[in-house]
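# Residue-level structural notes
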Amino acid sequence: MTENWQVAIITVFTVLGGITIAAVVSEVYMWLTSSGFSVRDKHCYVAGGSQGLGKAIAQDLARRGAHVTIVARRESVLKEALEEIKACAQLPEEQKFYYVAADLTNYEEAVKAVSQAVEKQGQSIEILFSVAGMACPGLFVEQDVPTLTKIMNLNYFGTLHTVHEVTKRMVAENIKGARIVLVSSTLGFFGLIGYSGYCASKFAIRGLAEALRIELRMYSIGVHCYFPGTIFTPGYESENLTKPQITKDIEGADEGMTPEQCSKGMFKGLVRGEFAITTDPISMLFRCGTRGAIPNNNFVLDTIISGIAWIAFIPWRMFVDYTVTKHAATVSKSKNKMKNRKSE
Ligand SMILES: NC(=O)C1=CN([C@@H]2O[C@H](COP(=O)(O)OP(=O)(O)OC[C@H]3O[C@@H](n4cnc5c(N)ncnc54)[C@H](OP(=O)(O)O)[C@@H]3O)[C@@H](O)[C@H]2O)C=CC1
Ligand SMILES: CCCCCCCCCCCCCCCC(=O)[C@@H](N)CO
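Just so it is clear, the model here is predicted, and its values are computed rather than measured.

Criteria and cut-off values
Residues numbered from 1 in each chain as written. Chains lettered and ligands numbered in written order. Predicted model: local features only at pLDDT ≥ 70, side-chain atom pairs only at ≥ 80, totals over all residues. Heavy atoms only, no water. Helix = DSSP H or I, 4+ residues; strand = E, 2+ residues; numbered from the N terminus. Buried < 20%, exposed > 50% of the residue type's maximum accessible area, 1.4 Å probe, protein only. Contact = heavy atoms within 4.5 Å. Areas by Shrake-Rupley, 256 points an atom, 1.4 Å probe, with all protein chains shown as cover. Lys, Arg positive; Asp, Glu negative; His and termini not counted. Charge placed at Lys NZ, Arg CZ, Asp CG, Glu CD. Near = heavy atom within 4 Å. Polar contact = N/O pair within 3.5 Å; in protein donor to acceptor, adjacent residues only side chain to side chain. Nonpolar A, V, L, I, M, F, W, Y, C, P; charged D, E, K, R; others polar. Pairing = 2+ DSSP bridges. Axes fitted to C-alpha atoms, helices over the stretch in contact; angles between N-to-C directions. Phe/Tyr/Trp six-rings, centres within 6.5 Å; stacked < 30°, edge-to-face > 60°. pLDDT = per-residue confidence, 0-100. Salt bridge = Lys/Arg side-chain N within 4 Å of Asp/Glu carboxyl O. Expected span 1.5 Å × (residues − 1). Right-handed = clockwise from strand over helix to strand, strands pointing away.

### With respect to the overall build of the protein chain
A count of helices and strands for the protein chain gives 11 helices and 7 strands. Seen through its principal axes, the protein chain has C-alpha atoms that stretch 85 × 65 × 35 Å. Residues classed as buried in the protein chain amount to 47% of the 344 residues present. Taking as baseline every contact in the protein chain between residues at least 6 positions apart, the subset at least 24 positions apart corresponds to 73%. Accessible surface computed for the protein chain: about 18100 Å², of which carbon and sulfur atoms make up 61%. Between the centroid of the 36 positive side chains of the protein chain and the centroid of its 33 negative side chains there is a distance of 3 Å.

Here it is in structure tokens:
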């Protein structure tokens, strides 16, 4: 006769086995439906490619045999970066590398940059990486509206200008294997103190990417969105100059990655055919927990992780809310002290 404990063991193994098989089937499904991500001989346009994440992506593109154009404002930085990118070329004799200096927040300049890149390369843009972005953290009431607008102007409208121009050309020229890769942030999944303007801009990119993923199927243009956590870049160093201490304290839980690690992980996701790409565990947890109707990267694992996330979000919320409340009490205490000192 089968004992109860035997039934229990058999049940556990059947469930675990079932989950494993389903996860493997989901993986095979991803593999079958992904058309890969070949950049060889293709014109890849990297907006914001002169430093940080954009430069690391451009270097990986060079290693994979692409023709690369990088775009940013400062010509001296572009020049130096281009040499570093060229040095990574897989086939230095055949690959072409150019830079275009432009301020992408200006629509006319963004459009002109695209046509200059196409002219220089003598080849239409087949893959677009829209990476240029900035964070200018601060407490909402201490920041002025022009600062908050500046963030949106680069992160959202800068992205929009280039994406719109490049997409129109891809459609008109019926480019085969065309892809658009947008860069949001883990803060495109959830809000955080000190990042109000930034979160809004990165949520906007997620919205744009989700809608375009569906719409651009009409023209067989693949759309992907990358959601990185902390990356150690020049941009990260400058955002730290204005970042409130409380924001630093909370985000300290995020280990951070180098731009090279991020780019490598992003390409892995692109090759797997993922729409929403994450490369660190915290961003993965928030991707699954806030996935809405976006495509899964593995139906079974994402569903299990989303369940874990919804439970993990409870202590997370308690922690951030408590930290902010405690911070408010400290601030008002020190304000009172100052007042008393003045009146003495
Ligand atoms: N670093 C981080 O912790 C994280 C970053 N991200 C996102 O990743 C992306 C890259 O970030 P990161 O590498 O840190 O940024 P960096 O500031 O290091 O690099 C930004 C790049 O964009 C260019 N750029 C900035 N403004 C403009 C403009 N108006 N017109 C044209 N080009 C411009 C810069 O060149 P120039 O100044 O010469 O114009 C540079 O090449 C951003 O979208 C960012 O929001 C997401 C999550 C975390
Ligand atoms: C449920 C479990 C919770 C686990 C702990 C979470 C830790 C908080 C992570 C906050 C990370 C913020 C990264 C910002 C990246 C970015 O976009 C800016 N650097 C702008 O460039």
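Structure shown, so let's carry the discussion forward.
### Quick notes on the site of ligand 1
If you check the shell around ligand 1, you find 30 residues, and the closest are Ser 50, Arg 73, Arg 74, Val 131 and Thr 233. For ligand 1, an oxygen atom lies 2.5 Å from a polar atom in the side chain of Thr 233. Relative to its free-state accessible area of 890 Å², ligand 1 is covered by the protein chains to the extent of 93%. Of all the secondary-structure elements, those providing two or more residues to the shell around ligand 1 are α2 (52–63), α6 (196–215) and α7 (234–242). Counting residues per element, the shell around ligand 1 draws most heavily on α7, which supplies 3 residues. Partitioned by chemical class, the residues of the shell around ligand 1 number 13 nonpolar, 13 polar and 4 charged.

### Quick word on the sheet that holds strand β1 (residues 43–47)
The pairing of strands in a sheet happens through backbone hydrogen bonds and is either parallel or antiparallel. Read from one edge to the other, the open sheet built from 7 strands follows the order β3-β2-β1-β4-β5-β6-β7, with strand pairing classed as parallel. The strands lining the two open edges of the sheet, one partner per strand, are β3 (97–101) and β7 (276–277). Lying on the sheet, helix α3 (residues 75–86) is in contact with β2 (67–72) and β3; it crosses β3 at an angle near 165°.

### A look at the site of ligand 2
If you check the shell around ligand 2, you find 17 residues, and the closest are Ser 185, Tyr 195, Tyr 198, Glu 239 and Trp 316. Residue Tyr 198 places a side-chain N or O atom 2.8 Å away from an oxygen atom belonging to ligand 2. One nitrogen or oxygen atom from the side chain of Glu 239 is found 2.7 Å from an oxygen atom belonging to ligand 2. Mapped onto the shell around ligand 2, the elements with two or more residues apiece are α10 (281–289) and α11 (299–343). Tallying contributions element by element places α11 first for the shell around ligand 2, with 3 residues.

### Points about the packing of aromatic side chains
Each aromatic ring pair is characterised by the separation of its centres together with the angle its planes make. A complete count under the given rule lists 12 aromatic pairs for this structure. Each ring, one from Phe 37 and one from Phe 129, has its centre 6.3 Å from the other, and the planes form 75°; the classification is edge-to-face. Linking Phe 37 in the loop between α1 (4–33) and β1 with Phe 129 in strand β4 (residues 127–130), this pair joins segments that are 92 residues apart in sequence. You'll find Phe 37 and Phe 129 in the same group, each marked buried.

### Digging into the confidence of the model for the protein chain
The predicted model of the protein chain averages 95 in pLDDT, with 99% of residues at 70 or higher. For this predicted complex, the interface confidence comes out at an ipTM of 0.98, alongside a pTM of 0.95.

### Here's the deal with the side chain of Asn 298
With respect to the element layout, Asn 298 can be found in the loop between α10 and α11. For Asn 298, the side chain forms a polar contact with the side chain of Glu 27, separated by 2.8 Å. Excluding anything up to four places from it in sequence, Asn 298 contacts Ala 23, Ser 26 and Glu 27.

### Let's talk about the pattern of salt bridges
Tallying each qualifying case throughout the model produces 11 salt bridges. Put simply, Arg 272 and Glu 27 hold a salt bridge, and the shortest N to O gap is 2.7 Å. Residue Arg 272 is found in helix α9 (residues 259–272), and its partner Glu 27 is found in helix α1; the two are separated by 245 residues along the sequence. Judged by its relative accessible area of 24%, Arg 272 is partly exposed. With relative accessibility at 33%, the residue Glu 27 sits in the partly exposed group. Overlapping salt bridges, with partners in common, bring together Glu 27, Arg 272 and Glu 274 in one network.

### Here we look at α6
For α6, which comprises 20 residues, the first-to-last C-alpha distance of 29 Å matches the rise-based estimate of 28 Å (1.5 Å per residue) to within 8%. Among the residues making up α6, those that are buried are Gly 197, Tyr 198, Cys 199, Ser 201, Lys 202, Ile 205, Arg 206, Leu 208, Ala 209 and Leu 212.

### Some remarks on the pairing of β2
Across a regular strand the side chains alternate sides, sitting on one face of the sheet and then on the other. For β2, the buried fraction is high: 6 of the 6 residues fall into the buried class. Burial of β2 is two-sided: the residues His 67, Thr 69 and Val 71 facing one way and the residues Val 68, Ile 70 and Ala 72 facing the other way are all buried. Bridge count between β1 and β2: 5 bridges; the pairing is parallel. Pairing of His 43 across the sheet is with His 67, part of β2. Viewed along the sheet, the connection from β1 through α2 into β2 turns out right-handed. Strand direction decides the pairing type here: β2 and β3, joined by 5 bridges, are parallel. The partner of Ile 70 across the bridge, within β3, is Tyr 99.

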